[in-house]
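Coordinate inspection notes
For reference, the chains in residue letters:
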Amino acid sequence: MSLQKSAHRYHTASISLHWLMLALFIAVYASIELRVLFEKGTELRETMKSLHFMFGLLMFFLVWLRIAMRFKYPAPRIEPAPPQWQALAARLAHLMLYALMIGMPLAGWLLLSASGKPIPFFGLELPALIGKNKELAGQIKEVHELVGTIGYFLIGAHAAAALFHHYIKRDSTLLSMLPKTAA
C-alpha cells in the first residue's frame, strides 16, 4: 500500500487521522452525554467522565500531528473547483474545527486543574496547568459546555457540506477523503 497522495486525494496518513479524529469526537461526546445514565458518584459515571477527559486529551495531542500533516501534504484540488466564497467558507470551517480540537481539550485540562482534580490520561496523570481556583473552574466549565454545544453544529455542518459536495455538486471533495477501499 502506497502512502503517497495523488493530486486528487489526501495523503493516506491525513485520511487516517481525519477518520480517527471523527471517532474521537464521537467518543468524547458519547462519553459525556451517556454519563447521565448513571447516578452521580457511581463508579460507572466517573469512568464515563474519565473517558471523556482522556479521549479529549488524546484528540489534543493528535491534532498537532494532523496540523503537521496538513502542512506537509496540502489538500488536493477539488474538481470541479468550487466558487471562491465556498473555498473561503471551507477554510473558515476547517479553522474553527481545528480551534475546537485544540481549545476544548485545553479548556478541559484547565477545568480539571482549576477544580483541583487529577488529569487522567490512559494510566498516567498529567500535571495541572494552573492552581486550584473554584471560581475560575466555574467560568471555564460554562465556556467549555457552550463551545461543546457549538461543536455539535460545526461537526454537523462539516458532514452536511461533504454530503452536499458529493451528492449535489458532484465534485471530488468527499471522495478525496475516503479510504481507497470506500472511494
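Overview of the structure.

Check the secondary structure of the protein chain and you find 4 helices and 2 strands. Order of helices (α) and strands (β) in the protein chain, N terminus to C terminus: α-α-α-β-β-α. Considering only C-alpha atoms, the protein chain reaches an extent of 55 × 35 × 30 Å along its principal axes. Here the protein chain holds 183 residues, and the buried ones make up 34% of them. Long-range pairs, those at least 24 residues apart, make up 68% of the contacts in the protein chain between residues at least 6 apart in sequence. Per element, the accessible surface of the protein chain, about 11,300 Å² overall, is 69% carbon and sulfur.

Two elements in contact, helix 1 (residues 12-34) and helix 4 (residues 134-169), have axes whose closest approach is 12 Å; the angle formed by their N-to-C orientations is 145 degrees. Judged by the twist between their axes, the crossing of helix 1 over helix 4 is left-handed. Residue-level contacts link His 18, Phe 25, Tyr 29 and Glu 33 of helix 1 to Gly 148, Gly 151, Tyr 152, Ile 155 and His 158 of helix 4. Looking at the contact of helix 1 with helix 4 residue by residue, the class counts come to 4 nonpolar, 4 polar and 1 charged.

Turning to helix 2 (residues 43-72), a few remarks are in order. For helix 2, spanning 30 residues, the distance from its first C-alpha to its last is 43 Å, which sits close to the expected 44 Å at 1.5 Å a residue. Along its length, helix 2 reaches its greatest deviation from straightness, about 25 degrees, at Leu 62.

What follows covers the packing of aromatic side chains. Under the defined criterion, the tally for this structure stands at 9 aromatic pairs. Their ring planes at 85 degrees and their centres at 6.3 Å tell us that Phe 60 and Trp 109 sit as a pair that is edge-to-face. Highlighted residues: Phe 60 in helix 2 and Trp 109 in helix 3 (residues 84-115), separated in sequence by 49 residues. Take Phe 60: its relative accessible area is 11%, and that puts it in the buried class. Residue classification places Trp 109 among the buried positions, given a relative accessible area of 10%.

A general trend in soluble globular proteins is that nonpolar side chains are found buried together. Among the nonpolar cores identified, the biggest contains 14 residues, and Met 21, Phe 25, Met 59, Val 63, Leu 100 and Met 101 are the most heavily contacted of them. For this core, the secondary structure elements donating two or more residues are helix 1, helix 2 and helix 3. By residue number, the principal contributor to this core is helix 3, which donates 5 residues. Residues within four places of Phe 25 in sequence aside, it is in contact with Met 59, Leu 100, Met 101 and Ile 155. The next biggest cluster of nonpolar side chains, apart from the first, holds 7 residues, and it includes Leu 57, Trp 109, Leu 112 and Ile 119.

Attention now goes to the pattern of salt bridges. Under the counting rule described, the total for this entry stands at 2 salt bridges. Here Lys 49 and Glu 46 are joined by a salt bridge, their closest N and O atoms 3.3 Å apart. Taken together, the positions of Lys 49 and Glu 46, both in helix 2 and 3 residues apart, correspond to about one turn of that helix. Overall, Glu 46 belongs to the partly exposed group, its relative accessible area being 37%.

With that settled, consider the packing of helix 2 against helix 3. The geometry of helix 2 relative to helix 3 is characterised by a closest axis approach of 9 Å and an angle of 140 degrees between their N-to-C directions. By crossing handedness, the relation of helix 2 to helix 3 is classed as left-handed. Where helix 2 approaches helix 3, its residues Phe 53, Gly 56, Leu 57, Met 59, Phe 60, Phe 61, Val 63, Trp 64, Arg 66, Ile 67 and Arg 70 are matched on the opposing element by His 94, Tyr 98, Met 101, Ile 102, Pro 105, Leu 106, Trp 109 and Leu 112. Taken together, the residues of the contact of helix 2 with helix 3 break down into 15 nonpolar, 2 polar and 2 charged.

What counts, and at which threshold
- Residues numbered from 1 in each chain as written.
- Predicted model: local features only at pLDDT ≥ 70, side-chain atom pairs only at ≥ 80, totals over all residues.
- Heavy atoms only, no water.
- Helix = DSSP H or I, 4+ residues; strand = E, 2+ residues; numbered from the N terminus.
- Buried < 20%, exposed > 50% of the residue type's maximum accessible area, 1.4 Å probe, protein only.
- Contact = heavy atoms within 4.5 Å.
- Areas by Shrake-Rupley, 256 points an atom, 1.4 Å probe, with all protein chains shown as cover.
- Axes fitted to C-alpha atoms, helices over the stretch in contact; angles between N-to-C directions.
- Left-handed = near helix turned anticlockwise from the far one by under 90°.
- Nonpolar A, V, L, I, M, F, W, Y, C, P; charged D, E, K, R; others polar.
- Expected span 1.5 Å × (residues − 1).
- Bend = angle between axes of the 7 residues up to and from the residue.
- Phe/Tyr/Trp six-rings, centres within 6.5 Å; stacked < 30°, edge-to-face > 60°.
- Core = buried A, V, L, I, M, F, W, Y, C linked by side-chain atoms within 4.5 Å.
- Salt bridge = Lys/Arg side-chain N within 4 Å of Asp/Glu carboxyl O.

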